[in-house]
Amino acid sequence: MPETDTGTAAGRHVVVLAFPFGTHAAPLFSITNQLAILSPNTLFSFLNISKSNKSIFSTNSNNILEPSIKVYDVWDGVPDGYQFLGKPQEDIELFMKAAPESFKKGIMKAVAETGKEVTCLVTDAFFWFGAEMAEEMKVAWMAFWTSSPVSISVHFYTDSIRETFGVEGKAGENETLNLIPGMSKVQIRDLPEGITFGNLESVFSQMSHKMGITLVKADTVFLNSFEELEPVITSDLNSKFNKFLSIGPFNLISPPKPTPDSYGCLDWLQKQRPESVAYISFGSVATPPPHELVALAEALESSKIHFIWSLKEHLKVNLPNGFLERTKLNGIVVAWTPQMEVLANSAIGVFITHCGWNSVMESIVGGVPMICRPFFGDQMLNGRMVEDVWEIGVKVESGILSKTGVIECLNKIFSHEKGKKMRENVKALKELAKSATGPNGSSFKNFTALAELVTRRGKFQPLVG
Ligand SMILES: O=c1ccn([C@@H]2O[C@H](COP(=O)(O)OP(=O)(O)O[C@H]3O[C@H](CO)[C@@H](O)[C@H](O)[C@H]3O)[C@@H](O)[C@H]2O)c(=O)[nH]1
């Protein structure tokens, strides 16, 4: 076994463990990259399953790999010859069962290959076992939460919520979570499934519950948000966790290289009027059922709004007959867009979204109001904040996409006084986000602190003016 050293600057070795599903691993990789840029004398090992690593580093991606980062593939937990039974979240369940052991093996390999003992452990917050691992290795545990402050707060308070409201429909679904600081507008119905309703034994429910209990042991919990967005929740979590650092919006704190625009979305947007186009995307996991795709298509066609729709190729068969041909002068339907650049383009007037956290942050950075159709997990919570707390968007009626419902929302955004107010509100948040990530802004300072905590070196330079 190669010799290892721990004390010297050159001996620093930060191990990063990624959760390979949804949009978790890619943002953690961007942060790792940014930390590596700031600390040239520290080695980073990024551990993730092969499939997710491949997608992060695909030829199409804009990810650059700093020379001080080594990427390792760990086992995905799927035994050889395993026949999938088609259970929901089966791949996640298999992965999580194997994760503590596969990551341990991965860490041993990284230590052996680099000759450097681990000096800090950074993990997706879902990995509650990070606390034990870090304790064994006698290093700090830094936990990265990929979603919003409101959702981590809900996981932190799960036991209190269950005690107060009971489980399985004991509380009315429109009762509000007054007991939690900053959540007076949040209702029971907005909670992710597996807290008071749904399958409390599911892999996600168990994982999130354990995480909520264990995160107090983390040296630092950090996330993609900025303090000014949710000051009450932030201040509450500051008092609960050892350190709670909002370091976002990521796309301002660590601006990525432009994503390849394979379908010419940005050129198309150049020809559109300011704030006139609807951008539609439901992220990387959620898929609206076929009848909702039809309803949305009918609403777009009938309202004559110009649009860019990010829709996976195999889902196009669900669109109404002749829709693509009839609307080709008004819109484009493409399999993938450079979303951050699209939302930052002045032609975009509204974002029809599932309220995944990255999308919400990118919409705020673009100063674009939202029409929300949340599906699962944190998305209802995020949608509630968008509509009722920040007042920068509107949820579709009854929570599903209907032709009249979407048209009504479009009218609200584009023609009503309320829509004008939402646009002003989101632009004000955009300015707050810019200040937070600018010199001496809260996120700027927090990222500097994170870089110092993880690597104990490096000065963070402002990236936005
Ligand atoms: O055509 C597209 C579509 C999406 N994106 C990007 O994909 C990401 C999507 O992320 P997000 O909005 O967070 O949605 P999901 O991929 O669905 O994210 C999962 O992970 C999030 C973070 O934990 C949760 O908030 C969501 O509920 C969960 O579904 C964003 O960065 C987008 O910019 C593109 O670049 N082009």
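Let me begin by describing the structure that accompanies this report. Per chain, residue numbering runs from 1 following the sequence as it is written. In keeping with the model being predicted, local features are shown solely for residues with a pLDDT of at least 70 and side-chain atom pairs are shown and tallied solely at 80 or more, while totals for entire chains, interfaces and linings include all residues. To obtain the side-chain values, all non-hydrogen atoms of the structure were used and water was disregarded.

1. Observations regarding the overall build of the chain
Part 1: If you tally the helices and strands in the chain, you get 18 helices and 13 strands.
Part 2: Here the C-alpha atoms of the chain give a radius of gyration of 22 Å, agreeing with the 23 Å that 2.2 N^0.38 yields for 465 residues.
Part 3: Along the first, second and third principal axes, the C-alpha atoms of the chain reach 70 × 55 × 50 Å.
Part 4: Expressed as a percentage of its 465 residues, the buried residues of the chain come to 56%.
Part 5: Any two residues whose heavy atoms approach within 4.5 Å at even a single point are treated as in contact. Considering only contacts in the chain between residues 6 or more positions apart, those separated by 24 or more positions represent 69%.
Part 6: Carbon and sulfur atoms provide 53% of the accessible area of the chain, an area that totals close to 19,700 Å². The way it works is that DSSP assigns letters per residue, a run of H or I at least four long becomes a helix, a run of E at least two long becomes a strand, and they are numbered from the N terminus. Computation of the radius of gyration draws on C-alpha atoms, with the globule rule given as 2.2 Å multiplied by the number of residues to the power 0.38. Relative accessible area decides the class of each residue, using a 1.4 Å probe on protein chains only: under 20% of the type maximum gives buried, over 50% gives exposed, and in between gives partly exposed. Here the Shrake-Rupley method, with its probe set to 1.4 Å, supplies the accessible areas, and only the displayed protein chains count as covering residues.

2. Some words on the site of the ligand
Part 1: Residues in close proximity to the ligand total 21 residues, the closest being Thr23, Ser284, Ser359, Glu362 and Asp378.
Part 2: Think of a polar contact as two N or O atoms within 3.5 Å of one another; within protein, one of them needs to be a possible hydrogen donor and the other a possible acceptor, and neighboring residues in sequence only count if both atoms come from side chains. Note that an oxygen atom of the ligand is positioned 2.5 Å from one of the side-chain N or O atoms of Thr23.
Part 3: With respect to the ligand, the side chain of Ser284 contributes an N or O atom lying 2.4 Å from an oxygen atom.
Part 4: In isolation the ligand offers 680 Å² of accessible surface; the protein chains occlude 92% of this area.
Part 5: Where the shell around the ligand is concerned, the elements lending two or more residues are β8 (277–281) and α14 (357–366).
Part 6: Here the shell around the ligand takes four residues from α14, the largest share from any one element.
Part 7: Per the annotation, domain bounds derive from an automatic or database assignment of domains. Residues lining the shell around the ligand come from more than one domain, with at least three contributed by each of domain 1 (12–255 + 440–455) and domain 2 (265–436). Any residue with a heavy atom positioned within 4 Å of a molecule or strand is treated as near that molecule or strand.

3. Some words on the pairing of strand β9 (residues 306–310)
It is a general feature of regular strands that their side chains alternate between the two faces of the sheet.
Part 1: A large share of β9 lies buried, amounting to four of its five residues.
Part 2: Pairing between strands is defined by DSSP: at least two bridges between the two strands are required. Pairing of β8 with β9 involves four bridges; the strand directions are parallel. Bridging across to β9, Val277 finds its partner in His306.
Part 3: The definition of a right-handed crossover adopted here requires that, viewed with the strands pointing away, the path from the first strand over the helix to the second runs clockwise. Taken together, β8, helix α11 (residues 290–303) and β9 form a β-α-β motif whose crossover is right-handed.
Part 4: In this sheet, strand β10 (residues 331–334) lies alongside β9 in parallel orientation, the contact comprising four bridges.

4. So, the sheet that holds strand β7 (residues 244–246)
Part 1: Ordered in space as β3-β2-β1-β4-β5-β6-β7, the seven strands form an open sheet in which the pairing is parallel. Each of the sheet's edge strands pairs with one partner strand only, and the pair in question is β3 (69–74) and β7. Each adjacent strand pair in this sheet contributes to an overall mean axis angle of 20°, direction not counted.
Part 2: Here four bridges tie strand β1 (residues 13–17) to strand β4 (residues 120–124), and the two strands are oriented parallel to one another. The residue of β4 that forms the bridge with Val16 is Val122.
Part 3: Where helices are involved, their axes are fitted lines through C-alpha atoms of the stretch in contact, as for all axes, and angles between N-to-C directions lie from 0 to 180°. Against the sheet, helix α18 (residues 442–455) engages β1, β2 (43–49), β4, β5 (140–145), β6 (220–223) and β7, with an angle of about 130° to β7.

5. Re the packing of aromatic side chains
Geometrically, a pair of aromatic rings is defined through the distance of the ring centres and the angle of the planes.
Part 1: For this analysis, a ring pair means two rings from Phe, Tyr or Trp (six-membered ring only for Trp) whose centres lie within 6.5 Å, classed as stacked if their planes differ by under 30 degrees, edge-to-face if by over 60, and tilted for the remaining angles. Counted under the stated rule, the structure contains 27 aromatic pairs.
Part 2: Ring geometry for Phe156 and Phe241: centres 5.5 Å apart, planes at 85°, overall edge-to-face. Within this pair, whereas Phe156 is found in helix α5 (residues 149–156), its partner Phe241 is found in the loop between α8 (231–240) and β7, the two being separated by 85 residues in sequence.
Part 3: Taking the relative accessible area as the measure of exposure, Phe241 reaches 4% and is therefore buried.
Part 4: Arranged with centres 5.9 Å apart and planes meeting at 50°, the rings of Phe241 and Phe244 form a pair that is tilted. Each member of the pair, Phe241 as well as Phe244, carries the same accessibility label: buried.

6. Some details on the environment of Phe375
Part 1: Relative to the assigned elements, Phe375 resides in the loop between β12 (370–372) and α15 (379–389).
Part 2: According to the relative accessible area criterion, Phe375 is buried, its value standing at 18%.
Part 3: Sequence-distant contacts of Phe375, that is, excluding residues within four places in its chain, are made with Phe282, Ala286, Thr287, Pro288, Pro289, His354 and Met380.

7. Quick look at the nonpolar core
Part 1: Phe103 and Leu215 are the most contacted members of the largest nonpolar core, which has 87 residues in total.
Part 2: Of the residues that make up this core, three or more belong to each of domain 1 (12–255 + 440–455) and domain 2 (265–436).
Part 3: Excluding residues that lie within four positions of it along the chain, Leu215 makes contacts with Ala125, Trp141, Ala143, Ile152, Val221 and Phe241. Residue types Ala, Val, Leu, Ile, Met, Phe, Trp, Tyr and Cys, when buried and joined through side-chain atoms within 4.5 Å, form a set referred to as a nonpolar core.

8. Here we look at helix α6 (residues 158–165)
Part 1: Restricting attention to buried positions, one finds in α6 the residues Thr158, Ile161, Arg162 and Phe165. Along the axis of α6, the buried residues cluster in a sector spanning 95°; they form a single face.
Part 2: Residues of α6 that are buried make contact with α5 and α7 (203–214).
Part 3: Positive backbone phi, approximately 70°, marks Gly166, located one or two places after α6. Think of the arc as the fan of directions from the helix axis to the C-beta atoms.

9. Comments concerning α14
Part 1: For α14, the tally of buried residues reaches 10 of 10 residues, placing the bulk of the element in the interior.
Part 2: Of the residues making up α14, those classed as buried are Trp357, Asn358, Ser359, Val360, Met361, Glu362, Ser363, Ile364, Val365 and Gly366.
Part 3: Backbone geometry just after α14 places Gly367 at a positive phi near 70°.

10. Looking at unusual backbone geometry
Most of the time, phi is negative for any residue but glycine, and the peptide bond is trans.
Part 1: A cis amide bond links Gly248 to the next residue, Pro249, at an omega of -10°.
Part 2: Looking at where Pro249 falls in the secondary structure, it is placed in the loop between β7 and α9 (250–253).
Part 3: For Glu275, which is not glycine, the phi torsion reads 50° and is therefore positive.
Part 4: Following the sequence through the fold, Glu275 ends up in the loop between α10 (265–270) and β8.
Part 5: Positioned with a positive phi, Glu391 is a non-glycine residue whose angle comes to about 50°.
Part 6: By secondary structure assignment, the location of Glu391 is in the loop between α15 and β13 (393–395).

11. Details of the pattern of salt bridges
Part 1: The rule for a salt bridge is simple: a side-chain nitrogen of Lys or Arg has to be within 4 Å of a carboxyl oxygen of Asp or Glu. Under the defined criterion, the tally for this structure stands at 13 salt bridges.
Part 2: Residue Lys434 pairs with Glu431 through a salt bridge whose shortest N-O separation is 3.8 Å. Here Glu431 and Lys434 lie together in helix α17 (residues 417–437), a separation of three residues that amounts to about one turn.
Part 3: When salt bridges with common partners are traced through the structure, they connect Asp190, Arg384 and Asp388 into a single cluster.

None of the figures reported here should be taken as evidence of function without further support.
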